[in-house]
Amino acid sequence: MGPRFVGLDLLNEEDLDVICAKQWDACVSKTLDGLEQIDKGRWITVYYEDFITDPVAEMARILDQLNVVHNRDVIADAIQLVRTKKTDKNGRVIPNVKVAEIISPTLARLGYGVRK
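As the structure is a computational prediction, the values presented were derived from the model and not from experiment.

## With respect to helix H1 (residues 16–35)
Note on helix geometry: an α-helix contains 3.6 residues per turn, so any two residues three or four positions apart are oriented the same way. In this model H1 runs 28 Å from its N-terminal to its C-terminal C-alpha over 20 residues, within 8% of the 28 Å that 1.5 Å per residue would give. Within H1, the full set of buried residues consists of Val18, Ile19, Ala21, Asp25, Val28, Ser29 and Leu32. Packing partners of the buried residues in H1 comprise helix H5 (97–109).

## Observations concerning the packing of aromatic side chains
Applying the stated rule across the entire model yields 1 aromatic pair. Where Tyr47 meets Tyr112, the ring centres are 5.6 Å apart and the plane angle is 65 degrees; that geometry is what we call edge-to-face. Pair noted here: Tyr47 is in the loop between H1 and helix H2 (48–53) and Tyr112 is in the loop between H5 and strand S2 (114–115), with a separation of 65 residues, a long-range link. In terms of burial, Tyr47 and Tyr112 fall into one category: buried.

## What to know about the packing of H1 against H5
A packed helix pair is summarised by two numbers, namely the angle formed by the two axes and the spacing between the axes. Their axes nearest at 9 Å, the elements H1 and H5 cross at an angle of 15 degrees. One way to sum up the angle between H1 and H5 is to call them roughly parallel. Between H1 and H5 the crossing geometry is left-handed. Side by side, H1 and H5 meet where Asp17, Val18, Ala21, Lys22, Trp24, Asp25, Val28, Ser29, Leu32 and Asp33 of the first sit next to Lys98, Val99, Ile102, Ile103, Thr106, Leu107 and Arg109 of the second. Partitioned by chemical class, the residues of the contact of H1 with H5 number 9 nonpolar, 2 polar and 6 charged.

## Details of the pattern of salt bridges
Evaluated as defined, the whole model comprises 3 salt bridges. One salt bridge connects Asp33 with Arg109, and the closest N-O pair in it is separated by 3.0 Å. You can see Asp33 sitting in helix H1 and its partner Arg109 sitting in helix H5, a full 76 residues away along the chain. For Asp33, a relative accessible area of 35% puts it in the partly exposed group. In this structure, Arg61 engages Glu58 in a salt bridge whose closest nitrogen and oxygen atoms are separated by 2.8 Å. Taken together, the residues Arg61 and Glu58, both in helix H3 (residues 55–65) and 3 residues apart, mark about one turn of the helix. Using a relative accessible area of 32% as the deciding quantity, one classes Arg61 as partly exposed. In this structure, a network of salt bridges that share partners links the residues Asp33, Glu36 and Arg109.

## Focus: the layout of surface pockets
Approximately 210 Å³ is the volume attributed to the largest pocket. Lining the largest pocket are Leu32, Leu35, Glu36, Lys40, Trp43, Thr45, Tyr47, Arg109 and Leu110. For the lining of the largest pocket, the class distribution of residues is 5 nonpolar, 1 polar and 3 charged.

## As for the confidence of the model for the protein
Averaged over all residues, the pLDDT of the protein is 82; the fraction at 70 or higher stands at 78%. Across the protein, element-level confidence peaks in H3 with a mean pLDDT of 93 and bottoms out in S2 with 56.

## Things to note about the environment of Val18
Mapped onto the elements of the fold, Val18 is located in helix H1. Classification of Val18 as buried rests on a relative accessible area of 2%. A C-alpha to C-alpha distance of 8.0 Å links Val18 and Ile102, two positions 84 residues apart in sequence.

Definitions and limits used
- Residues numbered from 1 in each chain as written.
- Predicted model: local features only at pLDDT ≥ 70, side-chain atom pairs only at ≥ 80, totals over all residues.
- Heavy atoms only, no water.
- Helix = DSSP H or I, 4+ residues; strand = E, 2+ residues; numbered from the N terminus.
- Expected span 1.5 Å × (residues − 1).
- Buried < 20%, exposed > 50% of the residue type's maximum accessible area, 1.4 Å probe, protein only.
- Contact = heavy atoms within 4.5 Å.
- Phe/Tyr/Trp six-rings, centres within 6.5 Å; stacked < 30°, edge-to-face > 60°.
- Axes fitted to C-alpha atoms, helices over the stretch in contact; angles between N-to-C directions.
- Parallel < 35°, antiparallel > 145°, perpendicular 65-115°, else oblique.
- Left-handed = near helix turned anticlockwise from the far one by under 90°.
- Nonpolar A, V, L, I, M, F, W, Y, C, P; charged D, E, K, R; others polar.
- Salt bridge = Lys/Arg side-chain N within 4 Å of Asp/Glu carboxyl O.
- 1 Å grid on protein atoms, 1.4 Å probe; cavity = no way out; pocket = protein on both sides within 12 Å on 5 of 7 lines; lining within 4 Å.
- Points joined across faces, edges and corners; volume = space filled by probe spheres on them.
- pLDDT = per-residue confidence, 0-100.

Written out as structure tokens, the structure is:
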């Protein structure tokens, strides 16, 4: 069933993409609010785009955060199946204006630009 936000049951008249956007926004916003209460040295942000662009470097950064001794060659062998399709965080177009209005503020908190 997954996380439920207040008012989810009242959305029967909404389109599924709007319901999903509201649920995504509620979940991510709560997570970001919770992270603000935790010392920044105890967590790490990993962007999908950065991970697929250079998975070895990102995995090394994650392991460094965890104080795990690692070898870049071993990491490279372990994650060779990661697809490295080029993407970026700027200027994503969200075709549904209502969905864009719902999620844009949270995407901005995450460092993403969104165009409606």
